Structures are given as structure tokens and as C-alpha cells.
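Tertiary structure, described
If you want the building blocks of each chain, they are given just below.
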Amino acid sequence: MHPKFILVTKPEQPLKGLFVYGMVGQHKELVQPLGYAKVHGGGWYIKDDDAKTMTLYGSSGDYGEPKLAFLNQIPAELKGYRFLFSPGWNLPPNELDLTDIEYV
């Protein structure tokens, strides 16, 4: 199992993306419990509970690079975390702007 994430939209809210994460073997396992959803990429993450950061990396072999414009909703348990993104493990991450994020 590996720490992976995806960004998805549901038909009833096609422009509002949800951050879905978990320990899975393949990214597609994150989609199955949601039913029908469009995936807007994904990648790997490192969650640091002490520093309250969620660092997102790379891209999904199943769904490609994350389209961060669809990072609109984050699970409520991550409220207060800073989100960082890097396209690769060896590159320094940039902090993402969470000003208009909805916690669900």
C-alpha cells in the first residue's frame, strides 16, 4: 500500500473538485467507493501531522498529472494543514493557495 491521492468531480458538481487520498495499491482504488466520478489526475503524498503539511508529488500512472485547478474541496480532517506541491521528488515544493477551499 502506498500514499496516493486523486482529484475528482461528481456529475452534480462538474467544476468542484474533491481531494481524495489514502493508502492504496493503485490510484483507481480511490475512485471505486465514489461511484461515477471524473478524475483530474493524482499523485503521491506525504502527510506530516507534526508540521501540519500535506506535500503532493508527481502524477498518477492511472490518471496523469493532478490538475490543481480542481483542488476545491478538502476533507475536514485536513483543515489547518498547509498543502505543498512538487512535480517530482527531487524538486522543492511550492505552497498552494487554499483561500477559497471548502472543507467537507
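The structure this text deals with has already been given above.
Heads up: these notes are all about the structure in this document. On a predicted model such as this, the values are computed, not experimentally measured, just so you know. (Residues numbered from 1 in each chain as written. Predicted model: local features only at pLDDT ≥ 70, side-chain atom pairs only at ≥ 80, totals over all residues. Heavy atoms only, no water.)

**Some details on the pairing of strand 3 (residues 38-48)**
Strand direction decides the pairing type here: strand 1 (residues 2-10) and strand 3, joined by five bridges, are antiparallel. Paired with T9 across the two strands is K38, which belongs to strand 3. Summarising the sheet, strand 3 and strand 4 (residues 53-57) pair through five bridges and their orientation is antiparallel. Within strand 4, the residue paired with Y45 across the bridge is L56. Connecting strand 3 to the next strand, strand 4, in antiparallel fashion are four residues, including K52 with a positive phi near 55 degrees. (Pairing = 2+ DSSP bridges. Helix = DSSP H or I, 4+ residues; strand = E, 2+ residues; numbered from the N terminus.)

**Focus: the pattern of salt bridges**
Applying the stated criterion to the full structure yields three salt bridges. For K16, the salt bridge is made with E102, and the minimal N-O distance between the two is 3.1 Å. Separated by 86 residues along the polypeptide, K16 in strand 2 (residues 13-24) and E102 in strand 8 (residues 102-103) bring together distant segments of the chain. Residue classification places K16 among the partly exposed positions, given a relative accessible area of 31%. Since its relative accessible area comes to 33%, E102 is described here as partly exposed. For E95, the salt bridge goes to R82, with nearest N and O atoms at 3.2 Å. (Salt bridge = Lys/Arg side-chain N within 4 Å of Asp/Glu carboxyl O. Buried < 20%, exposed > 50% of the residue type's maximum accessible area, 1.4 Å probe, protein only.)

**Looking at the packing of aromatic side chains**
When we look at a pair of aromatic rings, we describe it by the centre distance and by the angle of the planes. Enumeration according to the criterion identifies six aromatic pairs in this entry. Ring geometry for Y21 versus Y45: centroids 5.4 Å apart, planes at 90 degrees, classification edge-to-face. A residue pair is termed long-range when its members are at least 10 positions apart, and Y21 in strand 2 and Y45 in strand 3 qualify at 24 residues. Members of the aromatic cluster, connected to one another through ring pairs, are F5, F19, Y21, Y45 and F83. (Phe/Tyr/Trp six-rings, centres within 6.5 Å; stacked < 30°, edge-to-face > 60°.)

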